[in-house]
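# Close look at the chain arrangement
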Amino acid sequence: MINKESPIPMYYQIQEHIRENIKQHKWAKGEAIPSERILTEQFGVSRMTVRQAVQGLVDEGILMRKRGSGTYVSNEKVEQPLKEITSFTKLMEQRGMKASSKITVFTVRKPNEIEAENLKISLGFDVYHIERIRLGDQIPIAIETSIVPYYMAEGLTEADVQHSLYEFLEVKKGYSLGDGQQSVEAIAASKRISKLLDVAIDSPILQIERVATLKTGAPFEYVRSQYVGSRFKFYL
Ligand code: 16G
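Residues numbered from 1 in each chain as written. Predicted model: local features only at pLDDT ≥ 70, side-chain atom pairs only at ≥ 80, totals over all residues. Heavy atoms only, no water.

## Section: the pairing of strand E6 (residues 139-149)
- For E6, the buried fraction is high: 11 of the 11 residues fall into the buried class.
- Relative to E6, strand E5 (residues 127-136) runs antiparallel, the two being bridged by 10 bridges. Residue pairing in the sheet places isoleucine 133 in a bridge with isoleucine 143 of E6.
- Counting the residues between successive antiparallel strands, the hairpin from E5 to E6 contains 2 residues, one of them, aspartate 137, with a positive phi of roughly 45 degrees.
- Sheet analysis places E6 next to strand E9 (residues 219-228), joined by 6 bridges and oriented antiparallel. Opposite isoleucine 143, over in E9, you have glutamine 226 as the bridge partner. (Buried < 20%, exposed > 50% of the residue type's maximum accessible area, 1.4 Å probe, protein only. Helix = DSSP H or I, 4+ residues; strand = E, 2+ residues; numbered from the N terminus. Pairing = 2+ DSSP bridges.)

## Some words on the sheet that holds E5
- Pairing in this open sheet of 6 strands is antiparallel, and the strands run E4-E5-E6-E9-E8-E7 from one edge to the other. A single partner strand is all that each edge strand has here, and the edge strands are strand E4 (99-109) and strand E7 (177-188). The mean inter-strand angle of the sheet, taken between neighbouring strand axes irrespective of direction, is 15 degrees.
- Along the sheet face, helix H8 (residues 165-172) touches E5, E6, E7, strand E8 (204-214) and E9 and points at about 155 degrees away from the line of E9. (Axes fitted to C-alpha atoms, helices over the stretch in contact; angles between N-to-C directions. Contact = heavy atoms within 4.5 Å.)

## Some remarks on the domain arrangement of the protein
- Structurally, the protein comprises domain 1 (10-73) and domain 2 (78-235).
- Here the C-alpha centre of domain 2 lies 33 Å away from the C-alpha centre of domain 1.
- At the boundary of domain 1 with domain 2, total buried surface from both sides reaches about 540 Å², with 52% on carbon and sulfur atoms.
- Considering only the side of domain 1, the residues that lose the most area to domain 2 are Asp59, Met64 and Arg67, jointly responsible for 64% of the buried surface there.
- Where domain 1 meets domain 2, there are 0 salt bridges. (Domains from an automatic or database assignment. Buried area = accessible area lost by both parts, 1.4 Å probe. Salt bridge = Lys/Arg side-chain N within 4 Å of Asp/Glu carboxyl O.)

## Structural notes on the pattern of salt bridges
- Under the counting rule described, the total for this entry stands at 12 salt bridges.
- Its salt-bridge partner being glutamate 131, residue arginine 192 comes within 3.0 Å of it at the nearest N-O pair. Within this pair, whereas arginine 192 is found in helix H9 (residues 191-197), its partner glutamate 131 is found in strand E5, the two being separated by 61 residues in sequence.
- Residue arginine 192 is classed as partly exposed on the basis of its relative accessible area of 49%.
- Close ionic contact of aspartate 160 with lysine 172 constitutes a salt bridge, the shortest N to O distance being 3.0 Å. One end of the pair, aspartate 160, is in helix H7 (residues 158-163); the other, lysine 172, is in helix H8, with 12 residues separating them in the sequence.
- Judged by relative accessible area, which is 12%, aspartate 160 ranks as buried.
- Each of Glu36, Arg47 and Arg51 takes part in one network of salt bridges that share partners.

Quick look at the structure:
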């Protein structure tokens, strides 16, 4: 199966086999692939080579690892339109996935200059600082750090943001959410990001910075997020 005389590296030949298995639906989306031990035997190569092949496909987003349970064929990427603002919870619901959050920071503090400027508030105002790991079907997709003017979201609790920040603003506060202005850039996962998002250090991350406004034009959220490049796609 593997041609050891070929100038094509062995890990690459293994990747081609795996891609072919997925294409021909021998390995189905969302299902576990054989263990490293089985692949090592099957391809007659070292465990290191199998590991290199699998890691490459994990970084590309074709395979994904689930902590403690093995490696799986990835489902398609979650897509998000960049022009409108859609809550993460709704986006997941639209795709039949279950959204959940792990709150890593929830506090009220004074804004720094960049936040105050983006939110068009003075430095003396308070803001909520909320950092959440957002998951879809238990798989980490993004880290979101939202800065929201306190006066606009007064009464917001951890339980609210455990569920949906935008639902709180729309339903409990009665705001009509408008649109957003953002910038996107590619970065490599730092040690902290790789740990929080369960990806390898240096794997591709999309970093987005956005100011979201109400229909009235007033900014209500300054958000900085890091999305796992292999699990997420933005489109315009
Ligand atoms: C989206 C927004 C984010 C917002 C979150 C609210 C983008 C790029 N990001 O992920 O700014 O905080 O939704 O989600 O659109 P929630 O209502 O589920 O808390």
